[in-house]
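Here is what each chain is made of, one letter per residue.
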Amino acid sequence: MLESGGRHSSIKALDACGGSGNAALKVLELGMEAWLCDQSQNLINIFEKKCSKKGYECHFILSEIGQYLATTNDSYDLIVFSSALHHLEDYESVLRLALKRLNNNGMIFSSFDPIKWRFPAKQIVKIEYIVFKLLNDFGDFFPAAYRRIRKVFSSRQEKENRAVKEDNLGELAEFHVDQGIDDDRLVVQLKLHGAEIIWHKKLCKSRYRFFEILLSVLGCKTNFKLLLKRI
């Protein structure tokens, strides 16, 4: 593992679907060169301000991640997907594209994505989300409920026809947030396309200790992490 404070400037990393740069900033703290790719100019602006405040050099790509990986000739030693895969309609294809953009011995790290929901994990997580909104973001509680209902009852064509704007990027992109990702199937598919799985971990995570204990007692896993490299 790399430790904070060391210099690893020869390592070039990509924060894929990086948003405001939480993963990119951690990479920069380790002394690596970090690039952030996101399709939201507003979030990139926040990332630029964070870099400026900390004195880091800011590199970014304003693009949808699949389009960027499919058209670029850039290559990286590390590509990070932090809570990103479930926002992608075809995350398998994006990961296959990412594999092609790795340098020799380069790695892909994915974390904080929901696994395919099973009873009662899905129900518990929904209750936990409601509690979170009520306690921490009550002003968005009813708008969030409306967005969720509209999404559930919208046809696929209606979703595709909606204009993509800065204020609805997240809503439109949450393709797999409700059902989660079949991580076991994903691992099998990645192996078939030339990936070596370094480790694959299923985790039990929650915003609140009570729900985390409840999920753990019931044997429910909620998230997964994946580290892989190209063979």
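Provided above is the structure to which this section pertains.
Because the structure is a prediction, the values reported are computed rather than measured.

**What to know about the overall build of the protein chain**
Counting its regular elements, the protein chain contains 10 helices and seven strands. For the protein chain, with 231 residues in total, the buried portion stands at 40%. In the protein chain, the share of contacts with a sequence separation of at least 24, taken over all contacts with a separation of at least 6, comes to 67%. Carbon and sulfur atoms provide 54% of the accessible area of the protein chain, an area that totals close to 13200 Å².

**Thoughts on the sheet that holds strand β7 (residues 223-230)**
Strand order in the open sheet formed by seven strands is β3-β2-β1-β4-β5-β7-β6, with mixed pairing between adjacent strands. Bordering the open sheet on either side are β3 (60-62) and β6 (195-203), each of which pairs with just one other strand. Recorded for the sheet is a direction-independent mean angle of 15° between the axes of neighbouring strands. Pairing between strand β1 (residues 12-16) and strand β2 (residues 33-38): five bridges, direction parallel. Among the inter-strand pairings, L14 is bridged to a residue of β2, identified as W35. Relative to the sheet, helix α1 (residues 22-29) contacts β1, β2 and β4 (76-82), its axis offset from that of β2 by approximately 175°.

**Side note on helix α5 (residues 121-136)**
Taking 1.5 Å of rise per residue, the 16 residues of α5 would be expected to cover 22 Å, and the 22 Å separating its terminal C-alpha atoms lies within 8% of that figure. Residues of α5 that are buried: A121, I124, E128 and K133.

**Details of the pattern of salt bridges**
Per the counting criterion, the structure on display carries eight salt bridges. Via salt bridges that share partners, E92, R96 and R185 belong to a single interconnected network.

**Observations concerning the packing of aromatic side chains**
Tallying each qualifying case throughout the model produces four aromatic pairs. Geometrically, the ring pair formed by Y208 and F211 is tilted, given 6.3 Å between the ring centres and 55° between the ring planes. You can call Y208 partly exposed: its relative accessible area is 21%. Chaining the aromatic ring pairs together yields one cluster made of Y208, F210 and F211. The residue whose ring lies beneath K201 is W199, and the NZ or CZ to ring-centre distance is 4.5 Å. The side chain of R207 reaches across the aromatic face of F132, ending 4.2 Å from its centre.

**Some details on the packing of helix α4 (residues 91-100) against helix α9 (residues 183-192)**
Interhelical geometry of α4 versus α9 gives an angle of 40° and a closest axis separation of 11 Å. Here α4 is positioned oblique relative to α9, judged by the angle of their axes. Crossing angle aside, the handedness with which α4 passes α9 is right-handed. Residues Y91, E92, L95 and L99 of α4 form the contact with α9, whose own contacting residues are R185, L186, Q189 and L190.

**A closer look at unusual backbone geometry**
Cis geometry marks the peptide bond from F119 to P120; its omega dihedral reads 0°. Within the secondary structure layout, P120 lies in the loop between β5 (102-114) and α5. A positive phi angle is found at C17, which is not glycine, with a value near 55°. By the secondary structure assignment, C17 is in the loop between β1 and α1. Look at N105: it is not a glycine, yet its phi comes out positive at around 70°. Tracing the sequence through the fold places N105 in strand β5. You can call N105 exposed: its relative accessible area is 66%.

What counts as what
Residues numbered from 1 in each chain as written. Predicted model: local features only at pLDDT ≥ 70, side-chain atom pairs only at ≥ 80, totals over all residues. Heavy atoms only, no water. Helix = DSSP H or I, 4+ residues; strand = E, 2+ residues; numbered from the N terminus. Buried < 20%, exposed > 50% of the residue type's maximum accessible area, 1.4 Å probe, protein only. Contact = heavy atoms within 4.5 Å. Areas by Shrake-Rupley, 256 points an atom, 1.4 Å probe, with all protein chains shown as cover. Pairing = 2+ DSSP bridges. Axes fitted to C-alpha atoms, helices over the stretch in contact; angles between N-to-C directions. Expected span 1.5 Å × (residues − 1). Salt bridge = Lys/Arg side-chain N within 4 Å of Asp/Glu carboxyl O. Phe/Tyr/Trp six-rings, centres within 6.5 Å; stacked < 30°, edge-to-face > 60°. Lys NZ or Arg CZ within 6 Å of the ring centre and 35° of its normal. Parallel < 35°, antiparallel > 145°, perpendicular 65-115°, else oblique. Left-handed = near helix turned anticlockwise from the far one by under 90°.

These figures capture arrangement, not role.
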